[in-house]
Amino acid sequence: MALRIDAHHHFWDPADFDYPWMVDAALDPVRRPFTPADLAPALSTSDIDGTVLVQTVSEVAETEQFLATAATTPWVRGVVGWVDLTDPAVGDTLDRLIDSSPGTLVGIRHQVHDEADPQWLLRDDVQRGLAEVAGRELAYDLLVRSRELPAAIETVRRLPALRFVLDHIAKPPISEGAHEPWSTLIAELARSENVDVKLSGMVTEARWDRWDAAVLAPYIAHVLEVFGAERAMFGSDWPVCLLAAADYGTVVGALDSALAGISPTEHDAVFGGTAARAYAL
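Residues numbered from 1 in each chain as written. Predicted model: local features only at pLDDT ≥ 70, side-chain atom pairs only at ≥ 80, totals over all residues. Heavy atoms only, no water.

Asks: What am I meant to see in the overall build of the chain here?
Replies: Helices and strands together make up the secondary structure of the chain, namely 9 helices and 8 strands. On C-alpha atoms alone, the chain measures out to a radius of gyration of 17 Å, which is about the 19 Å that the 2.2 N^0.38 rule sets for 281 residues. Taking the principal axes of the C-alpha coordinates as reference, the chain spans close to 45 × 45 × 40 Å. Sorting the 281 residues of the chain into buried and exposed places 56% on the buried side. About 11,400 Å² of surface is accessible on the chain, with carbon and sulfur atoms providing 52% of the total. (Helix = DSSP H or I, 4+ residues; strand = E, 2+ residues; numbered from the N terminus. Rg over C-alpha atoms; globule rule 2.2 N^0.38 Å. Buried < 20%, exposed > 50% of the residue type's maximum accessible area, 1.4 Å probe, protein only. Areas by Shrake-Rupley, 256 points an atom, 1.4 Å probe, with all protein chains shown as cover.)

Asks: Is there a simple way to explain the pattern of salt bridges in this structure?
Replies: A side chain with one charge can pair with a side chain of the opposite charge if their charged atoms come near. The full count for this structure, using the stated rule, is 15 salt bridges. Note that Lys 198 is salt-bridged to Asp 141, the shortest N-O span being 2.8 Å. With Lys 198 in strand E7 (residues 195-199) and Asp 141 in strand E5 (residues 139-142), the pair connects residues that are 57 residues apart, well separated along the chain. In this pair, the class of Lys 198 matches that of Asp 141, namely buried. (Salt bridge = Lys/Arg side-chain N within 4 Å of Asp/Glu carboxyl O.)

And the structure:
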């Protein structure tokens, strides 16, 4: 039986770091610690064998913490951490993190959609940092919205040796029922074969109080059309998903429903195979 992998979830503790994205009162329901002990029962119920733990804050210390967590949590198969891509010594930082826990750091991510400059990815110092990531055979998670997709499209073309993973299908405006310019831009991004995509984070782009699998289905169908199931992967985005009254099983069930028409082989890719390949798990 193929391994089932959740390619995108988080842990955090507000006592450890300042989370700028958590300041809004709407985030109160998740402003508490979330740990492996909280997630483990849900993984068992949903038959998930392994996970990828993803950064939440621009702190190398969090990446170090996550690597330590992975060392004591067998089902955390990989960590997507954070480094300062603009730092001239970023290569040294990457080497130190890799050496501290061999095989565990599988990717790097930055909250690009929070940068004031929509062209941030194309800055010379960022491009140099991305080249350092590529040189260590790590993946790079793209956390962007439609505003940043043109820069992402150019970036993946400039760096064909780097494996990119698009988070949260680039956060389309599902709550508005809108598709453009997201639809056209994501199709253009998909033409670069060094990009995979996470079917994740969709429930919180919909109306938190009024969504179901049918609301998500057109967006998922478009992603599968342009990327193919063999380049798509499941991510729960737990515990962020809880904001939309969606527990872990609800997120898994919604995606399963939206994928009802695909083949068993394609289903295995989405629920494990793509993540294992993209992150070399």
